[in-house]
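Chain and residue survey
Listed below, chain by chain, are the residues.
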Amino acid sequence: QVQLVESGGGLVQAGGSLRLSCAASRNIFSINAMGWYRQAPGKERELVATITRGGNTNYADSVKGRFTISRDIAKDTVYLQMNSLKPEDTAVYYCRSELATGVYFWGKGTPVTVSS
């Protein structure tokens, strides 16, 4: 099992930046992939960005060029740097870890609100 704790959410004006953190309860290098997802009010949860054990990254088209996913293996932490934020980025952001077996775990989420 992997426990994930997100932090760093908050209220920011459009055009601003935030950095989210996801601290894992085990060595993230042993985890097949980690990612950030978000769920806006009334909408389904969607992928934002992922990073594999090998360091390969993937982004939703809506955040490419604005968001960056990274990791600190020594701290078992994954980050999401969000720049040029837009009101449509408002959502609860969730961290997810996926093991090689296909089993995955979610954090409880951190809310991000972008005001116009």
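Structural data are supplied above this passage.
1. So, the pairing of strand β5 (residues 46-52)
In this sheet, β5 lies alongside strand β4 (residues 33-39) in antiparallel orientation, the contact comprising six bridges. Paired with R38 across the bridge in β5 is E46. Counting the residues between successive antiparallel strands, the hairpin from β4 to β5 contains six residues, one of them, G42, with a positive phi of roughly 75°. Relative to strand β6 (residues 57-59), β5 runs antiparallel, the two sharing three bridges. For I51, the partnering residue across the bridge sits in β6 and is T57. Connecting β5 to the next strand, β6, in antiparallel fashion are four residues, including G55 with a positive phi near 95°.

2. What to know about the packing of aromatic side chains
Note on aromatic pairs: each is described by the distance of the centres and the angle between the planes. For the structure on display, the rule yields three aromatic pairs. Here Y37 and W106 contribute two aromatic rings whose centre-to-centre distance is 5.1 Å and whose plane-to-plane angle is 75°, an arrangement assigned as edge-to-face. Taken together, the residues Y37 in strand β4 and W106 in strand β10 (residues 104-106) connect sequence positions 69 residues apart. Their ring planes at 90° and their centres at 6.2 Å tell us that Y104 and W106 sit as a pair that is edge-to-face. Look at Y104 and you get partly exposed, because its relative accessible area is 42%. W106 gets classed as partly exposed once you look at its relative accessible area, which sits at 31%. Within the aromatic cluster, the residues linked to one another by ring pairs are Y37, Y94, Y104 and W106. When the ring centre of Y79 is taken as reference, the NZ or CZ atom of R19 above it lies at 4.2 Å. The lysine or arginine in question, R96, covers the ring of Y104, its NZ or CZ lying 4.1 Å from the ring centre.

Rules behind the numbers
- Within any chain, residue numbers begin from 1 and follow the written order of that chain's sequence.
- Per-residue local features are limited, in this predicted model, to residues with pLDDT of at least 70; the limit for side-chain atom pairs, both in listing and counting, is 80 or more; totals at the level of whole chains, interfaces and linings are taken over all residues.
- Only heavy atoms go into the side-chain values, all of them from the structure, while hydrogens and water stay out.
- In short, DSSP must find at least two bridges between two strands for them to pair.
- What counts as a helix is a DSSP run of H or I of at least four residues, what counts as a strand is a run of E of at least two, and both are numbered from the N terminus.
- For Phe, Tyr and Trp, where Trp contributes only its six-membered ring, two rings pair if their centres lie within 6.5 Å, and the inter-plane angle classes them as stacked under 30 degrees, edge-to-face over 60, or tilted in between.
- Each residue's exposure class comes from its accessible area (1.4 Å probe, protein chains only) as a fraction of the maximum for that residue type: buried when under 20%, exposed when over 50%, partly exposed otherwise.
- Charge-over-ring placement is defined geometrically: NZ (Lys) or CZ (Arg) within 6 Å of the ring centre, and within 35 degrees of the ring normal.

Such coordinate-based values are descriptive only and should not be taken to indicate function.
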